[in-house]
Amino acid sequence: MPNRRILRLTGSDTEEFLQGLVTNDIRKLDQGIVYTALLSPQGKYLADFFLLRDGDGVLLDVAEDLADDLVKRLSMYKLRSDVTIAPTDLALQRGTGPAPEGALPDPRHPDLGWRKYINGLEEDDGTDWDAIRVAHCIPESGIELTPDSFILEAGFERLNGVDFRKGCYVGQEVTARMKHKTELRKGLTVVQIDGNAPAGTEITADGKPAGTLFTQSGDRAIAYLRFARAGDDMQAGPARVSMPE
């Protein structure tokens, strides 16, 4: 289970501040957890995280490895806005069984179950999260989601992580142009794999670079592919890779 850091944002400008920065519509906080991302002005991925209204503030749930840089970037954008970013003692509890009181659905996919924020140690119910992620091509921070990724290539629209009607945010122009004016030529997809290879192994087709292998579960894996080169006879180190039937 990835380590998470739970932050709390408070102040009268908090929701307006977030609305102008992140890829999703903050007004959806009225409905539950919001999955979103912060992009560079060039439209490239910097961090993905979850937001949840908490009394007069907003909880922000982000991968530990991304947290320090995210806080620095949010602080840079904050300027004179009435927003305070503070650590909490909360931890993430999640599972796919019956949801406990206070838990809310993971907004990315129904099979990802629920999330709850508790005082205490991180808890998990033993779910094989990699199997679920591979089955539904759901990227993870620091694995499939890396700096300089484009969120539409990572499936953010399918994962309810971007809103094309909310108005401006950092990186919005590039993201909207990719949505409306271009056809994606590269992106994450599920592949069939025969054998094993470490995450990060280059995938080749006819000796030419075709992509990168990421999380594997059984005979399936998440891969980033150049779609024009993808086929039924690709190689990732010692493993054979092909498109699923």
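Notes on the structure follow. (Residues numbered from 1 in each chain as written. Predicted model: local features only at pLDDT ≥ 70, side-chain atom pairs only at ≥ 80, totals over all residues. Heavy atoms only, no water.)

## Remarks on the pattern of salt bridges
Enumeration according to the criterion identifies 19 salt bridges in this entry. Across the salt bridge formed by Glu64 and Arg5, the nearest N and O atoms sit 2.4 Å from each other. Of the two residues, Glu64 sits in helix α2 (residues 64-78) while Arg5 sits in strand β1 (residues 4-10), which places them 59 residues apart along the sequence. Among the residues examined, Glu64 registers a relative accessible area of 30% and is labelled partly exposed. Across the salt bridge formed by Glu157 and Lys179, the nearest N and O atoms sit 2.8 Å from each other. (Salt bridge = Lys/Arg side-chain N within 4 Å of Asp/Glu carboxyl O. Helix = DSSP H or I, 4+ residues; strand = E, 2+ residues; numbered from the N terminus. Buried < 20%, exposed > 50% of the residue type's maximum accessible area, 1.4 Å probe, protein only.)

## Examining unusual backbone geometry
The backbone of Leu79 shows a phi angle near 50°, a positive value even though the residue is not glycine. Position of Leu79 among the secondary structure elements: in the loop between α2 and β5 (84-87). A positive phi angle, near 80°, is found at Asp148, a position not held by glycine. Relative to the assigned elements, Asp148 resides in the loop between α3 (129-136) and α4 (172-181).

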